[in-house]
Amino acid sequence: MAQLSDEQRMMRQSCRDFVDDVVLPFVKQNWKQEWSMEPEGRLPASILDSADKIGIRTLGVPEEFGGVELEKGTEVATFAMISEEIARGDSGLADKLVQNWKVSVLLRQLAPRPLQEKWFKRLVDDPQFLLAHCLTEPRGASDRWLPYNVPEAAMQTKAVKTDGGWIVNGRKQFISNGYDAGLYVVYANTNPKVGMQQGTSSFLVPRDTKGFSVARCNETLGCRYMNNGEVAFEDMFVPDDHVLAEGDALGKAGVYFRPGKIIQAAKNLGVGVRAFEATSEYVQNYVQGGRILIKHQAVALRLADMAVRIEAVRSLLERASAAVDADAPDAEVLCNMAKVFASEEMMKVTQHAVELHGGNGMMLDFGIEKLFRDAAIFLHMDATVDISKMKIVKNLFPQTAGKYAGPE
Ligand SMILES: Cc1cc2nc3c(=O)[nH]c(=O)nc-3n(C[C@H](O)[C@H](O)[C@H](O)COP(=O)(O)OP(=O)(O)OC[C@H]3O[C@@H](n4cnc5c(N)ncnc54)[C@H](O)[C@@H]3O)c2cc1C
């Protein structure tokens, strides 16, 4: 583990206490709650209130607006550390919180000062206030991640200039916090004649904007305490002063994407760490064949495999988060590596966990299958495994693999 500052050590401890005292007991005692078909009541408000009390809801918000500003040189590493701790308790709760941090980082970079004053205050004042970032559309997200920079791959959500602002029409799906956020960053095509790198703009959209609606809450396999949602825009007017970036919005979103990949990997690691902890306890207590499971060599080998994969992911994650914090030239490739490596390794770690628990591993009330389901989500969030790998190769070999579209 990298050397931690006193501030980081204190934050990690208060997160660990919060997870051990509040989150894990809630998840264990209320396991049916995850399957409630009433998204509003799935996670009680008291959990976000408690997260707020230990200061992990408004990370990334500048101190002058009442947020918790982290040491700049290690901000991303601290995001990673806290994400891992929270996801060790519940990955969906971690999703809820990290969207606030990631969008706050984007807003402090791109939003005009009056908007920062207004919305950071709202965020800081209301422990239930959530932020969302809307890129993905029913037509798909992979073209955006690569990105496939030709007009025909442009977003189908369109914004057309009008007097004093823009008229937005379209739809976004699979959005984290999409169901219950108070404020959304929305990406739309503003120039159909050019590639999406030049023709995409981003807008700040409060939930009560006329023409904005939440179309549905998606019922997901894992991370169910985060209400993933679909949102629609029908002749939605967004004033000029709510434009965050005009034309080059995808390029400017790097401040969101790179820490985002690190945070994904870290949450994913937290799920694996919890699977390892629970499994270690189980195999040292549960007896078969006359001895506790850990004394059977086949079981010990699986446990070792889990531990190795966790440490390998942690090492790459630390290296990648340091590169993102330092804005190093290899930051882009390393953060994608950490994200995709974590997603594949933690899938294997949680598979070992369910197998070593036998039938108990398949029982909803035992809590182990939840970790397997939560881990599976990471294969698809923030770009799929294959698209992440394509991005890695594109970065390593920009002259050849860097070009996906058009004639050779
Ligand atoms: C829980 C969850 C939370 C999410 N949160 C957000 C959010 O907050 N904001 C947001 O904007 N999005 C969000 N997403 C969307 C997520 O980023 C996308 O689901 C993901 O990037 C994959 O895009 P897609 O589902 O459109 O798949 P597609 O792009 O439709 O891909 C389908 C399949 O085709 C493959 N494929 C596509 N193109 C190529 C290619 N050129 N070459 C080879 N294979 C290809 C993909 O790898 C995949 O296997 C979330 C998704 C999930 C599951």
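To be clear, the structure that these remarks concern was listed above.
Predicted, not measured: the structure shown is a model, and the values here were computed from it. (Residues numbered from 1 in each chain as written. Predicted model: local features only at pLDDT ≥ 70, side-chain atom pairs only at ≥ 80, totals over all residues.)

Visitor: I would appreciate a short explanation of the overall build of the protein chain in the present structure.
Guide: Regarding its fold elements, the protein chain presents 13 helices and 10 strands. Here the C-alpha radius of gyration of the protein chain, 21 Å, is about what a compact globule of 408 residues would show, namely 22 Å. Counting across all 408 residues of the protein chain, residues that qualify as buried make up 48%. Put simply, 75% of the contacts in the protein chain that link residues at least 6 apart link residues at least 24 apart. (Helix = DSSP H or I, 4+ residues; strand = E, 2+ residues; numbered from the N terminus. Rg over C-alpha atoms; globule rule 2.2 N^0.38 Å. Buried ≥ 20, exposed ≤ 12 C-beta atoms within 10 Å, placed from the backbone. Contact = placed C-beta atoms within 7 Å.)

Visitor: So what exactly am I meant to see when it comes to the site of the ligand here?
Guide: Not every one of the 22 residues close to the ligand is listed here, only the nearest: L135, G140, A141, S142 and S176. Those elements giving two or more residues to the shell around the ligand turn out to be β1 (131–134), α6 (142–145), β3 (165–175) and α13 (385–396). Across the shell around the ligand, the residue classes tally to 11 nonpolar, nine polar and two charged. For the shell around the ligand, the domains that each give at least three residues are domain 2 (132–251) and domain 3 (253–396). (Near = placed C-beta within 6 Å. Nonpolar A, V, L, I, M, F, W, Y, C, P; charged D, E, K, R; others polar. Domains from an automatic or database assignment.)

Visitor: I tried to follow the pairing of strand β4 (residues 183–189) on my own but got confused; where do I start?
Guide: One face of the sheet, then the other: side chains in a regular strand alternate in exactly this way. Across the seven residues of β4, six count as buried, placing the element largely inside the fold. Where β1 and β4 come together, four bridges link them in parallel fashion. Bridging across to β4, A132 finds its partner in Y184. For β4 and strand β5 (residues 200–206), the ladder comprises seven bridges, and the chain directions are antiparallel. Considered in β5, the bridge of V185 is made with L204. (Pairing = 2+ DSSP bridges.)

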